[in-house]
Structure formats: C-alpha cells, structure tokens
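Here are the chains, one letter per residue:
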Amino acid sequence: MADAIRNDQEKRRFEELDAIRAQGIDPYPHSYDKSHSANEILTGFNDDNPEALESVAVAGRIMSLRKMGKATFMHIMDQSGRIQIYFKKDDIPEFYPVLKMLDIGDFIGIKGFTFRTKMGEISIHAEKAVILSKSVKPLPIAKEETDKDGNTIIHDAFADKELRYRKRYIDLITNPNVRDTFVKRSKIITEMRRYFDDNGWLEVETPILQPIYGGAAARPFVTHHNSLNIELFMRIADELYLKRLIVGGFEGVYEISKNFRNEGMDRTHNPEFTSMEIYVAYKDYDWMMEMTETVISKIAQKVNGSTDTEVAGNNFRLQTPFRRAKMFDLFKEYIGKDLFGLGRNELMAIAKELEVEVADNALTTKILDEIFGAEVEPNLIQPTFVIDYPIEMSPLAKKHRRDAGLVERFELFVNGAELANSFTELNDPVDQRERLEAQSRDRAAGDDEAMVLDEDFLNALEIGMPPTAGLGIGIDRLVMLLTGETSIRDVLFFPQMRPVKADPVSKDEDIIALGLPAELVQLIRQAGFQTVEALKAANPNKVFNSLGGLRKKNKLDMKLPKIDDFKSWLK
C-alpha cells in the first residue's frame, strides 16, 4: 500500500535508488572524509594563489542541479553555506552517468580543485564524487526569479508556519535564516555560561522528576514511577533544590535547564521551556539587578555586536543601567489608581471597571496579577525592572527592609513581557513556613497554582541558609529578544504542537467490495481516493476521468470499465 500512495516523483526516486544499487554503488555509505567547509573555501580562495585550494574534499546536500550534456553544475549546501560544483564529463567519466540518477536533496561528496568561473563564481571542479545519501522524498525547494527592477521573487516557498514547526528539518534546509536563529541561540547560552563560570559560580544539575514540586506558581505535569510505585512531578522550577545547595555550603550555583508547566500556550509560552536560575550567597536583589543588566548587556554585545536590538519594529537599548520602577507606582502611572493595601472586593471592583477578566473565585494576589498583566505590562517596552512586590505575591522572597507589606523582588520586562525574576531570598525558616502554610490555604480555597508545602526544604532552611540573592531568566524569551522573533515557537527547534490526525485509509478488500476490480485499487489510491467514503462521495465522472488520465500518464496496458459501471459502483 505504501508504494500505491507514492507520488510520481517519489516513485521515480525509488527507481533511481534501485538503479544505483544495480550498478554496485552503495547509496548510503558509512562515512566520508571532508577537508573543508563551503565557507572556508569561499572565504579562503585567492585568485593570486588558487593553488592553495587545489585539493579539497567537500560534502553536502544538493540544492540545485543543471545537467547540460557534457557539463553539469550543482550547488551543494553544508552547515556553513552553499558552494557550486562543476562536473566535466571527460574529467569524471565513471561517475558522470550517475549524475542522471541524482536529484535535489541528495547528499554527495566531492574531491577536486577550486577555481573561479567566467561568471565570477568560486566553484569546485570535481575530480572524484560519491553518493552519500539518496533522498527519496522531494524537498519543497522555492523557485526564484528576478523581475525587471532587479527584485528577487520567490515562488512556492516553504512558508506555512505550522508545517514549518512540524517539519523543522525541512524548514532548516529550505529557510537558511532559521538556522541562523538557532546558531545565535547557542551563542547566547554559551556567553551566559561563560560569564557565570568566569565569576566562579558552579554549574549544577537538579532533579527533573520531583516528589514535591515548587519554586513557582504553576500547575505541574504528573507521571508515575513504576518501580517505586509513587507519583512524581516534572519540575516547574529549580529554585528549592538550588537553595538546598546554598545551605550545603556552595556560595554560587546556577543551572540552565528544561522546566515543564502544564499551562496554556501562546506566543511567549510553551509547556516545555528553558530557564536559567542562579543563587549567590551574601548578595541581595539590588546587587542582582546590577548583575542582571550587566550580563544581558554583555551577551547582546557579544552575540549581536551591539546593545541595540529590534523586535517587530520596536527598538530596544540594552545599555546599562535599565529603568527601575516600583510596582505600585506603575499602577498609579498607567491606571491612575493606588492599589496598595486594597482588599479583594475593592480590587475586584477595579478589575471590572477596567474590564479585566478575573475568575469569580480569584484571590487578591491573582486579581493584582491580572490587572498588572492587562494594564501595565504592555507599556513596559524598554527594559524595566519592576521592583517591590506585595508580600502575598511572593512567598519565597524576603520582606522589604524598609517598606512594610512588600518584599525585595524584581521582575525584568522588555517588549511587554517578563524576561527575568529575582528575590532577596527568604532565609527565615519561621517566616517561610508561615508563607507556605498560607499558600496551602489558598490552594484549599481553589488556587491550583498556589505552592505546595515542602517539609524537606523547610528543614534545610532550619539548618541555616546565608543571605542569598536568586535570579531566573527565561532563555527562550531572551533569544526572542536578541533575534527579533515574536513567537516562542520560532526559537524552539521542536515546539509543542497539537497532534495531526492521520488520514483514514480503507482496506483494499473494502474498496473491492463496492464492485471495483482489484487491479484498479492502486490506481484509485494514486488518484487520491483512500477511503470508501471518499469514493462514494466523489462524482463518478471525476473518478473515471482521473483513472483514465493516470492510465495514460503511466502508460498502463489495461482497459478501464465503462463510465456506467462507475456510476453503479459509487451510487
């Protein structure tokens, strides 16, 4: 059945694959020794000294192919870019006939010398060649043409966003700029790690599967450990385990990790995401603010060559220092009201007045958060540290040293989205227990994102934790900022997607049961009719004409039944 539903191009490629093997050629060899990348040759070639690259070995995927009788030109693409290959029939007589069986998408290895063509393009004159992998499915390669004004027009680009996310391997082949985004992502993480390592902070690993989840207000994913017969949770944050390491005597620890939150998905949220958390002993949130803006500014400079960046037409200056603004001052600035100290009913009334959607059973902290998210966050375009949150919103943060009712916490916002979160960490075990017990009461009242009380963490605090500053940075959002992307899916190789339902396929015998001859089944499938229902819903004339066209195209020596037969079978 698989062969029956292949299209004409796929059938031709499988036939070429058989022909290649029939000649004693292995189309899938085990390895190939490269000497140069495409970019090394393009940047290293010198017209005054072409002999320097007179012996090179390159490999890559065929991206264009022009067969011209006694000469053939192709472009191959490796990780570094594209380069042209020139084949002359007389110079490579044994391999030249094999070129007829190659297609765009195949991998090939080339040995030869570098030269510049009459058109000025640096190319490789092939002296030896070997097939490295035969592609049996065609790539959706875009066609380019230049209009009369010199503008490049692209036809049939692989541009469908959802399909690009689902088939990222094709996206990376056909849209080279996508590859650039992920190269930059890697550099961002490397520069962050280098900064922390240079300061003597230790990179560590903490459990992904946890018996008690904590460190954030979020719903977890739940799994079951068969051997231990216990329920476990995929971590929502690293915080509580990293703090245990500070208790254990380390004075600076960080982790770049995957976290998981069983929540909604939008342009800045994916259920599986990458974050960095760092904890440094004997520091506070003021020190951490300065460190945060410094590391982000340095990363931007290293990766982009500038502290300026642009996203969707908005220009950002990541030059230190960033703006600092108190949370309740921002409420006054953007909604004209002082919300400090207000009770639940008062806040609910203000939310309704502002037309901010809030659940009827929402607690005070949730109402504040919803108002802030709807009325304040969208205005925080340039880098802004929002500081000094109400104590109820931050159960793991230390009470403010000057302002009662607040904690020493900041969040960094850029382009209307949170990028980082930090506290002067709460290390008073009595205060921490009271806060987590309050969270337990909130959970009992219906807040399923409230934190769970973790007795072992409290025990660690009772052993004693020094004054500590903690910070979490959303790596995916930082990459979005520094690459100019507006959706988190564009900075994740494989974003979470809703599964595609497989198209139904009827059994051959069910199609034959309609009265159709068995020899027509494969032709019917090739015409696009995979189910009995699709056949019965189709116009018999269309089915008849489609099969007739395929019979002629495939030069089949068979006689079709009459149109009246199709009408009786498909009635």
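To be clear, the structure that these remarks concern was listed above.
This report concerns the structure included in the present document. (Residues numbered from 1 in each chain as written. Predicted model: local features only at pLDDT ≥ 70, side-chain atom pairs only at ≥ 80, totals over all residues. Heavy atoms only, no water.)

Counting across every chain of the model gives 37 salt bridges. In this structure, the salt-bridge partner of lysine 134 is aspartate 106, at a minimum N-O distance of 3.0 Å. On the criterion of sequence distance, the pair formed by lysine 134 in the loop between β5 (122–133) and β6 (143–146) and aspartate 106 in the loop between β3 (81–88) and β4 (107–116) is long-range, its members being 28 residues apart. Residue lysine 134 shares its accessibility class with aspartate 106, and that shared class is buried. (Salt bridge = Lys/Arg side-chain N within 4 Å of Asp/Glu carboxyl O. Helix = DSSP H or I, 4+ residues; strand = E, 2+ residues; numbered from the N terminus. Buried < 20%, exposed > 50% of the residue type's maximum accessible area, 1.4 Å probe, protein only.)

The strand order across the open sheet formed by three strands is β9-β11-β10, and the pairing between neighbours is antiparallel. Of all strands in the sheet, those with a lone pairing partner are β9 (209–210) and β10 (222–225), marking the two edges. Pairing of β10 with strand β11 (residues 230–234) involves four bridges; the strand directions are antiparallel. Its bridge partner being in β11, histidine 225 is matched across the sheet by isoleucine 230. (Pairing = 2+ DSSP bridges.)

Let's shift gears to a positive patch on the surface. A contiguous patch of positive charge, built from Lys67, Lys70, Lys89 and Lys100, is present on the exposed surface. Take lysine 70: it is sitting in the loop between β1 (56–67) and β2 (71–78). Residue classification places lysine 70 among the exposed positions, given a relative accessible area of 62%. (Patch = residues over 30% accessible without salt bridge, like charges linked within 9 Å, V, L, I, M, F, W, Y side chains within 5 Å. Areas by Shrake-Rupley, 256 points an atom, 1.4 Å probe, with all protein chains shown as cover. Lys, Arg positive; Asp, Glu negative; His and termini not counted. Charge placed at Lys NZ, Arg CZ, Asp CG, Glu CD.)

This next bit is on the packing of aromatic side chains. The geometry of an aromatic ring pair is captured by two quantities: the separation of the ring centres and the angle between the planes. Within this structure, the stated rule accounts for 19 aromatic pairs. Both rings, one in phenylalanine 182 and one in phenylalanine 493, keep their centres 4.0 Å apart while their planes meet at 15°; by these two values the pair is stacked. Here phenylalanine 182, found in helix α5 (residues 176–198), pairs with phenylalanine 493, found in the loop between α13 (475–483) and α14 (508–512); they are 311 residues apart in sequence, far enough to count as distant. Look at phenylalanine 182 and you get buried, because its relative accessible area is 6%. Aromatic rings pair up to connect Tyr195, Phe196, Trp201, Tyr254 and Trp287 into one cluster. Stacked on the ring of tyrosine 241, the Lys or Arg arginine 244 has its end atom at 4.6 Å from the ring centre. When the ring centre of tyrosine 389 is taken as reference, the NZ or CZ atom of arginine 409 above it lies at 4.3 Å. (Phe/Tyr/Trp six-rings, centres within 6.5 Å; stacked < 30°, edge-to-face > 60°. Lys NZ or Arg CZ within 6 Å of the ring centre and 35° of its normal.)

Of the pockets and cavities examined, the second largest pocket occupies roughly 310 Å³. Together, Glu10, Arg61, Ser135, Lys137, Pro138, Leu139, Pro140, Lys167, Tyr169, Ile170 and Ile173 line the second largest pocket. For the lining of the second largest pocket, the element with the most residues is helix α4 (residues 168–174), which contributes three residues. For the lining of the second largest pocket, the class distribution of residues is six nonpolar, one polar and four charged. (1 Å grid on protein atoms, 1.4 Å probe; cavity = no way out; pocket = protein on both sides within 12 Å on 5 of 7 lines; lining within 4 Å. Points joined across faces, edges and corners; volume = space filled by probe spheres on them. Nonpolar A, V, L, I, M, F, W, Y, C, P; charged D, E, K, R; others polar.)

Let us look at the side chain of serine 297. Checked against the element boundaries, serine 297 lands in helix α7 (residues 285–304). In contact with serine 297, not counting residues within four places along its chain, are Thr307, Leu318, Gln319 and Thr320. (Contact = heavy atoms within 4.5 Å.)

What follows is about the nonpolar core. Core analysis: the biggest nonpolar cluster contains 45 residues, and Phe331, Leu339, Ile367, Ile371, Phe372 and Val386 have the highest contact counts within it. Listing elements by their share of this core, those giving two or more residues are α6 (239–247), β13 (272–281), α8 (327–335), α9 (344–353), α10 (364–376), β17 (384–390), β18 (406–414) and α12 (455–463). Filtering out sequence-adjacent residues up to four positions away, valine 386 remains in contact with Ala325, Met327, Leu330, Phe372, Leu380, Arg409, Phe410, Glu411 and Phe413. If you look at the next biggest cluster of nonpolar residues, it comprises 43 residues, including Met192, Ala469, Leu471 and Met480. (Core = buried A, V, L, I, M, F, W, Y, C linked by side-chain atoms within 4.5 Å.)

Attention shifts here to α5. For α5, spanning 23 residues, the distance from its first C-alpha to its last is 33 Å, which sits close to the expected 33 Å at 1.5 Å a residue. Three or more residues of α5 are buried, namely Val178, Thr181, Phe182, Arg185, Ile188, Ile189, Glu191, Met192, Tyr195 and Phe196. Directly after α5, the chain includes glycine 200, whose backbone phi takes a positive value near 85°. (Expected span 1.5 Å × (residues − 1).)

Let us look at the pairing of β13. By the criterion of burial, β13 is predominantly enclosed, with nine of the ten residues buried. In this structure, strand β12 (residues 252–260) lies alongside β13, joined through nine bridges in antiparallel fashion. Its bridge partner being in β13, asparagine 259 is matched across the sheet by phenylalanine 273. Pairing of β13 with strand β20 (residues 468–474) involves seven bridges; the strand directions are antiparallel. What sits directly across from methionine 276, in β20, is isoleucine 473.

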